[in-house]
Amino acid sequence: MPVRAPADPDATDAPTDRGVVPPHGQTAAGRPDVGPPLDPALVARLHSRLVAAPEADRVTVLAPFTGEPLHRLPQSTPDDVALAFRAAGRAQREWAEVPPAARGRILLRFHDLLLQRRDEGLDVVQWETGKARRDALEELLDVCINARHYARDGVRLLRPRRQRGALPGLVGVRELHHPKGVVGVIAPWNYPLTLAASDAIPALMAGNGVVVKPDNQTALTALWVTDLMAQAGMPESLVQVVAGDGPVIGPQVVEHADFIMFTGSTQTGRQVARRCGERLIGCSLELGGKNALLVLADADLERAADVATRAAFANSGQLCISMERLFVHEAVREEFLARFLPRVHAIRLAARVGWGADMGSLISQRQLDRVRGHVDDAVAKGAELLAGGRPRPDVGPYFFEPTVLAHVTEAMEACSEETFGPVLSVHGVASDDEAVARANATSYGLNAAVITRDLAHGRRIAARLRAGTVNINEGYAAAWGSTRAGMGGMGDSGLGRRHGDEGLLKYTESQTVATQRLLGFGAPPGWSDQRWGDTLTRAVAAMKRIGMT
């Protein structure tokens, strides 16, 4: 029988100390000491990089670990957004003349600075997001991988390419790639380092300027990483950061950009795509997901339990490509749960800047309310709690236990809506066909995973899943970390791809330059149109016979 959370009919939000990492100590005011505060001088310096007037309105940003004020962030105005794009545009015209290899050398210096300044960056990320340090490190290393990849592979991608002409030998063709201009990157709060920097990196390598609009909650992280780019040698005005309420400043970014990279909700993504279409500019959108993990009958169950734990609860489930639905073959369901649930119970929660926690906080009260609402709705409609299910105010104001639900039905919000929190629903299936059909029974198609010992069979199952990335014997990192291959969604999960060749080339305008040599396409002197037409017809037929494309 599976191990389940002990039932307590009288318990509501009563905390326990299970899985809690003890705090460092107490502050002078008697509050838990979550770690050294951010240096006010650093905060002031980062604020100075923001495109906003000194007398700008400010919003108070709360630290998720404590719920207390972290800093007061200046807010950009629509005029500030226009100013940012003009400044980035001026710098971009000079940057476009810099050879790609020289751009790449700056990105490699940026890569090294990230590693040298690792602890400072991780502190900023943790204070703003409340995530565990190992999740913050995952972000920083992801940015390093992207910087290294595009610094080197970008030179190949941007090199002029010779293509076969319409009449081989008579037509010479070169394909060139020009930068779009200034790219607008609209980044969310859940992975603020990755989604501010890793999308900007290929745009910069392609010769563009960039204006980043982060979420107010995580603007310091975006400012920190763009400051590091400047220290690495990126032209000072080439990368700009604006801050403000999304519905106010976001549309202004779309209004001025030459291309938009947006990561966020499907609802907002539709609005962004609609406006980009009206302006006839390109966009790439990574949107929501309701990702499925399939545990097949032949799976290594120890490995499956490890993968499922990390895939569902990394970053407190606040990850577009994390798993929210788990389909387990009935033949191994009970045995799998007997391995999986103890791992869930053992997850260590901590409000701590530093190492030692498996899972951190949710980002805000709003996110806590959403997660709690999905769980309460499911339980009220008949779902069974196998683990978790409660807020943990004893750890921090926005903490929620890692939660596993069974008997989740279509009548429940947690079945089809993206929870974006540490909540996983477990479903038994009688066959692989049923698992594939139920995994595909969603309008989303971002990420999926298959756990099996038979890799050939796993690849066949993966090809049937309607998702932009599928991982075999891993939850998300294998596909995400493979930067030579594209990453993005199908259906309501978005348009376009980050990573891979498309991740850079989408930020360019392709130009074909064809040179006609010797004979042209008109009939040579003294030839009739019929004779010339017959000759061209025979030539086209011959090209097909010899296999030319």
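Residues numbered from 1 in each chain as written. Predicted model: local features only at pLDDT ≥ 70, side-chain atom pairs only at ≥ 80, totals over all residues. Heavy atoms only, no water.

A. Main features of the confidence of the model for the chain. Averaged over every residue, the pLDDT of the chain is 93; the share at 70 or more is 94%. Predicted confidence for residues 23–30 stays below pLDDT 50, and this span has 15 contacts to residues more than four positions away or in other chains. (pLDDT = per-residue confidence, 0-100. Contact = heavy atoms within 4.5 Å.)

B. Seen up close, the sheet that holds strand 4 (residues 171–179). In space, the three strands of this open sheet follow the order 3-4-20, with antiparallel pairing throughout. At either margin of the open sheet sits one strand with a lone partner, and together these are strand 3 (161–164) and strand 20 (508–516). In this sheet, adjacent strand axes meet at a mean angle of 30° when their direction is disregarded. Here strand 4 pairs with strand 20 via nine bridges, running antiparallel. What sits directly across from G172, in strand 20, is T515. (Pairing = 2+ DSSP bridges. Helix = DSSP H or I, 4+ residues; strand = E, 2+ residues; numbered from the N terminus. Axes fitted to C-alpha atoms, helices over the stretch in contact; angles between N-to-C directions.)

C. Up close: unusual backbone geometry. At N473, a residue that is not glycine, the phi angle is positive and equals roughly 60°. Within the secondary structure layout, N473 lies in the loop between strand 17 (469–472) and helix 17 (477–480). One non-glycine residue, H499, lies in the positive phi region at around 70°. Structurally, H499 is set in the loop between strand 19 (494–495) and helix 18 (500–505). According to the relative accessible area criterion, H499 is buried, its value standing at 3%. (Buried < 20%, exposed > 50% of the residue type's maximum accessible area, 1.4 Å probe, protein only.)

D. Spotlight on the layout of surface pockets. The volume enclosed by the largest pocket comes to roughly 1600 Å³. Looking at the largest pocket, it is lined by 44 residues, and the ones nearest its centre are W189, D215, S265, T268 and R366. Counting only elements with at least two residues in the lining of the largest pocket, the list comes to strand 1 (58–62), helix 9 (246–256), strand 8 (259–263), helix 10 (266–279) and helix 13 (365–380). Top element by residues in the lining of the largest pocket is helix 10. It accounts for six residues. (1 Å grid on protein atoms, 1.4 Å probe; cavity = no way out; pocket = protein on both sides within 12 Å on 5 of 7 lines; lining within 4 Å. Points joined across faces, edges and corners; volume = space filled by probe spheres on them.)

E. Quick look at the packing of aromatic side chains. One pass over the structure, following the stated rule, counts four aromatic pairs. Residues F259 and Y507 carry aromatic rings whose centres are separated by 5.3 Å and whose planes lie at 75° to one another, so their mutual orientation is edge-to-face. In this pair, F259 sits in strand 8 while Y507 sits in the loop between helix 18 and strand 20, placing the two residues 248 residues apart along the sequence. Sitting over the ring of Y191, K131 keeps its end group 3.9 Å from the ring centre. (Phe/Tyr/Trp six-rings, centres within 6.5 Å; stacked < 30°, edge-to-face > 60°. Lys NZ or Arg CZ within 6 Å of the ring centre and 35° of its normal.)

F. How the structure looks around the environment of Q92. Mapped onto the elements of the fold, Q92 is located in helix 2 (residues 78–95). Taking the relative accessible area as the measure of exposure, Q92 reaches 9% and is therefore buried. Linking Q92 and L238, residues 146 residues apart in sequence, is a C-alpha distance of 6.1 Å. Those residues in contact with Q92, other than ones at most four positions away along the chain, are P179, G181, G207, N208, G209 and L238.

G. Structural view of the side chain of T226. Along the chain, T226 falls in helix 8 (residues 219–232). The class of T226 is buried, set by a relative accessible area of 5%. In this structure the side chain of T226 is engaged in a polar contact, spanning 3.1 Å, whose partner is the backbone oxygen of L223. Apart from the residues within four sequence positions on either side, T226 is in contact with R49, V239 and V241. (Polar contact = N/O pair within 3.5 Å; in protein donor to acceptor, adjacent residues only side chain to side chain.)

H. Structural detail: empty space enclosed by the protein. Counted under the stated rule, the structure contains five cavities of 30 Å³ or more. Taken as a whole, the largest cavity spans an internal volume of roughly 100 Å³. Surrounding the largest cavity, 15 residues form its lining, R325, A439, N447, R466 and A467 being those nearest its centre. Its residues assigned to classes, the lining of the largest cavity comprises seven nonpolar, five polar and three charged. (Nonpolar A, V, L, I, M, F, W, Y, C, P; charged D, E, K, R; others polar.)

I. View of helix 1 (residues 40–48). Considered for burial, the residues of helix 1 that qualify are L42, V43, L46 and H47. Looking straight down helix 1, one finds that the buried residues subtend no more than 135° of arc, so they occupy a single side. Opposite the packed face of helix 1, turned more than 90 degrees from it, sit the exposed residues P40, A41 and S48. In the core, the buried residues of helix 1 are packed alongside strand 1, strand 2 (69–74), helix 4 (118–129) and helix 8. (Arc of directions from axis to C-beta.)

J. View of the pattern of salt bridges. Taken as a whole and assessed by the stated rule, the structure comprises 33 salt bridges. A salt bridge links D433 to R464; the nearest nitrogen and oxygen atoms lie 3.1 Å apart. Within this pair, whereas D433 is found in helix 15 (residues 432–439), its partner R464 is found in helix 16 (residues 455–464), the two being separated by 31 residues in sequence. Residue R464 is classed as partly exposed on the basis of its relative accessible area, which comes to 41%. Where R438 meets E434, a salt bridge forms, and the shortest distance between an N and an O atom there is 3.3 Å. In this pair, R438 and E434 both sit in helix 15, four residues apart, roughly one turn of the helix. On the basis of relative accessible area, E434 is assigned to the partly exposed category, the value being 27%. Through salt bridges with shared partners, one network takes in E302, D306, E335, R339 and R343. (Salt bridge = Lys/Arg side-chain N within 4 Å of Asp/Glu carboxyl O.)

K. Just the sheet that holds strand 8, in detail. In spatial order, the strands read 7-6-5-8-9-19; together these six strands make up an open sheet with mixed pairing. The outermost strands of the open sheet, each flanked by one partner alone, are strand 7 (239–241) and strand 19. Those strands touched by helix 8 are strand 6 (209–213) and strand 7, and its axis lies near 160° from that of strand 7. Against the sheet, helix 9 engages strand 5 (182–186), strand 6 and strand 8, with an angle of about 155° to strand 5.

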